[in-house]
Each structure stands twice: as C-alpha cells, then as structure tokens.
Amino acid sequence: MATDQSEVLVRKAAIRFNNASLVTIFAGQVPHQEKFMVHDWIIQRSEFFQRVLDGQRAEVDKRVIELPVDDPITVQNYFEFIYTDELSVLSEKCTGERCTHFRTIAELYMFADKLQDLRCKKAFIQKLCSHILERKRDGKSFIPECFLVGKIYKGTVEGDPIRVLMVDVWKTCRMTTERVHNLPKDFLKDLIASCQDSITTTYPYQDNFFHKGAKYYMDKVAGSD
Ligand SMILES: [Zn+2]
C-alpha cells in the first residue's frame with residue numbers, strides 16, 4: 001500500500017528534529033568558549049563538517065566538534081545564517097564614515113572557506129559587494145580599509161575571489177604613501193599585476209569592481225569548487 005504523503009513528511013520531520021540529529025559544537029577557548037547545538041542535516045552542507053561527522057558515525061550519541069581557533073561570534077553568525085538565511089548583525093545600515101560590517105562579513109567568508117561551504121562563500125561575497133556599493137555621506141563608496149585587506153590576505157590563499165575583489169576595489173582608490181605602508185606586500189603585488197593587465201586590455205577603465213559587479217566574484221567562488 002502506498003504511504004500517505006503527509007505521513008512521510010511527519011516521519012521525516014521526526015527524524016530530523018529528534019535529539020540524535022544534534023551535534024555539539026564548541027567554538028573558541030575557555031573562558032570565551034561558546035557551546036552550540038546544531039542539526040547534522042543543516043551543517044552537512046559544509047564539506048568540513050561532513051567529513052568530521054562521517055568519522056564520528058560510530059558514536060552518534062556523543063557527537064562533539066571543537067573549533068578552538070574560531071571566533072564564537074563568527075561561528076554564531078554562521079549558524080544564524082545557515083538556519084535563517086539572515087544576519088541580524090547586518091540589520092543596521094552604515095551611515096558613518098566607514099562600513100562597520102566589512103569585518104563581520106569578511107570573517108564569515110573566511111570561516112565558510114575553512115568549512116568548504118561554497119554556498120555561504122558566495123552569499124557572503126555578495127553581501128560584501130553590496131556593502132562596498134553603499135554610499136558614505138560624501139557620496140563615495142565604502143572601501144575596505146588597509147587592516148581588513150591585511151586580515152583577508154592572512155586568511156585566504158593566492159587567487160581567492162575575495163582577494164581579486166579587494167584588488168579590483170582598490171584599483172579605484174588614490175594610493176598614498178601611508179596606505180602603501182599599511183597594505184600587505186602580497187596585496188600590493190596583486191594590485192600592480194592587475195594594473196599592468198588593465199593597461200593591455202581594450203577597456204582599461206572597466207577592469208575594476210564597479211564595472212564587473214557582484215556576480216563576477218560570486219561566479220569565481222562557484223568556479224573554485
Ligand atoms: Zn555597510
């Protein structure tokens with residue numbers, strides 16, 4: 001006899017929401033450590049979590065994952081995003097002289113990179129792009145500051161789409177001696193190489209962030225699969 005469709009759904013829900021599907025995650029280190037209880041079916045979107053869970057299959061009742069080097073706030077934001085598709089931390093619009101969200105988003109991107117969660121990397125790079133496009137009081141766009149470019153270069157590898165994005169944004173900025181001193185060497189190398197490339201293209205002034213748009217970098221994330 002065919003099973004009633006609604007019965008199947010109820011059974012599925014029961015499987016998905018019972019305690020056995022919960023995983024305990026510890027983020028950060030004592031005394032700043034935070035404990036999270038999350039569902040295995042939702043974190044399995046990350047290859048990193050999937051691998052760890054596969055290795056723990058034998059002891060389903062004591063599934064614990066430790067993330068000692070990760071910031072509990074970033075981990076919490078990540079879980080909020082994968083459950084709700086929203087980030088309450090970004091709900092306030094930036095109105096001052098700088099975008100207060102760049103750092104949060106960049107840290108989330110790097111965490112998603114570590115977790116090998118491509119869908120999130122793509123979503124976070126899109127958010128970063130839309131915050132760059134926000135306007136300051138003077139009508140100019142927010143540009144990620146030197147310290148943030150430094151953080152991004154420390155937390156990613158060569159050729160990462162977020163590095164390409166930083167280069168393309170900074171190509172539109174005036175470079176001062178102070179900035180040169182505060183930006184990481186690898187970034188300056190990429191910036192020079194990219195400017196050299198632009199000189200040889202037919203449309204040198206279009207080879208930057210404002211002409212390429214968010215989708216260009218999002219596609220790069222998908223391409224790095
Ligand atoms: Zn902002």
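This one's a predicted model, so the numbers in the text were calculated from it and none came from an experiment.

About the criteria used
- Position numbers for residues start from 1 in each chain and track the written sequence from start to end.
- Thresholds applied to this predicted model are a pLDDT of at least 70 for local features of residues and 80 or more for the giving and counting of side-chain atom pairs; totals over whole chains, interfaces and linings are not thresholded and use all residues.
- The way it works is that DSSP assigns letters per residue, a run of H or I at least four long becomes a helix, a run of E at least two long becomes a strand, and they are numbered from the N terminus.
- Whether a residue is buried, exposed or partly exposed follows from its count of other C-beta atoms within 10 Å of its own C-beta, namely 20 or more, 12 or fewer, or something in between, respectively; the C-beta atoms are built from the backbone.
- Once C-beta atoms have been placed from the backbone, residue pairs whose C-beta atoms lie within 7 Å are recorded as contacts.
- Here, a strand pair is defined by DSSP locating no fewer than two bridges between the strands.
- Every axis in this analysis is a line fitted to C-alpha atoms, fitted for helices over the stretch in contact. Angles between the N-to-C directions lie between 0 and 180 degrees.
- Here the angle decides the label: under 35 degrees means roughly parallel, over 145 means roughly antiparallel, 65 to 115 means roughly perpendicular, and every other value means oblique.
- Throughout, the ten residues Ala, Val, Leu, Ile, Met, Phe, Trp, Tyr, Cys and Pro are labelled nonpolar, Asp, Glu, Lys and Arg are labelled charged, and all others, Gly among them, are labelled polar.

Caption draft 1: Representation of the overall build of the protein chain within the structure. Secondary structure assignment for the protein chain yields 12 helices and 3 strands. Scored against the burial criterion, the 225 residues of the protein chain give a buried share of 27%. For the protein chain, contacts bridging at least 24 residues in sequence account for 64% of all contacts bridging at least 6.

Caption draft 2: Fine view of the pairing of strand β1 (residues 22-27). Because side chains alternate across β1, one face comprises the buried residues V23, I25 and A27, and the other comprises L22, T24 and F26, none of which is buried. Where β1 hands over to strand β2 (residues 34-39), the hairpin turn is made up of 6 residues, of which G28 adopts a positive phi near 80°. Bridging between β1 and strand β3 (residues 64-67) involves 4 bridges; their strand directions are parallel. Of the residues in β3, the one forming a bridge with A27 is L67.

Caption draft 3: Fine view of the packing of helix α5 (residues 102-115) against helix α7 (residues 146-155). Interaxial distance between α5 and α7 falls to 10 Å at its minimum, and their mutual angle equals 5°. In terms of their interaxial angle, α5 and α7 are classed as roughly parallel. On α7, the residues touching F102, R103, A106 and M110 of α5 are L148, K151, I152 and G155. Broken down by class, the residue content of the contact of α5 with α7 amounts to 5 nonpolar, 1 polar and 2 charged.

Caption draft 4: Quick peek at the environment of L115. The topology assignment puts L115 in helix α5. L115 gets classed as buried once you count the C-beta atoms within 10 Å, which come to 22. Taking the C-alpha atoms as reference points, L115 and Q44, 71 residues apart in sequence, are found 10.0 Å from one another. Other than its neighbours up to four places away in sequence, L115 contacts S46, F48 and F49.

Caption draft 5: Structural detail: the packing of helix α6 (residues 118-132) against helix α8 (residues 161-170). Where α6 contacts α8, the two axes come as close as 11 Å, and the packing angle between them is 10°. Here α6 is positioned roughly parallel relative to α8, judged by the angle of their axes. When α6 is examined against α8, the residues I125, L128 and I132 are found in contact with a partner set consisting of P161, I162, L165 and V169. By residue class, the composition of the contact of α6 with α8 is 7 nonpolar, no polar and no charged.

Caption draft 6: Spotlight on the pairing of β2. Direction of pairing for β1 relative to β2: antiparallel, over a ladder of 6 bridges. Looking across to β2, one finds that F26 is bridged to K35.

Caption draft 7: Region of interest: the sheet that holds β3. Strand order in the open sheet formed by 3 strands is β2-β1-β3, and the pairing between neighbours is mixed. Where the open sheet ends on each side, the last strands, each with one partner, are β2 and β3. Ignoring strand direction, the axes of neighbouring strands in this sheet form an average angle of 25°. The sheet contacts of helix α4 (residues 72-84) involve β1, β2 and β3, and relative to β2 the element is tilted by about 20°.

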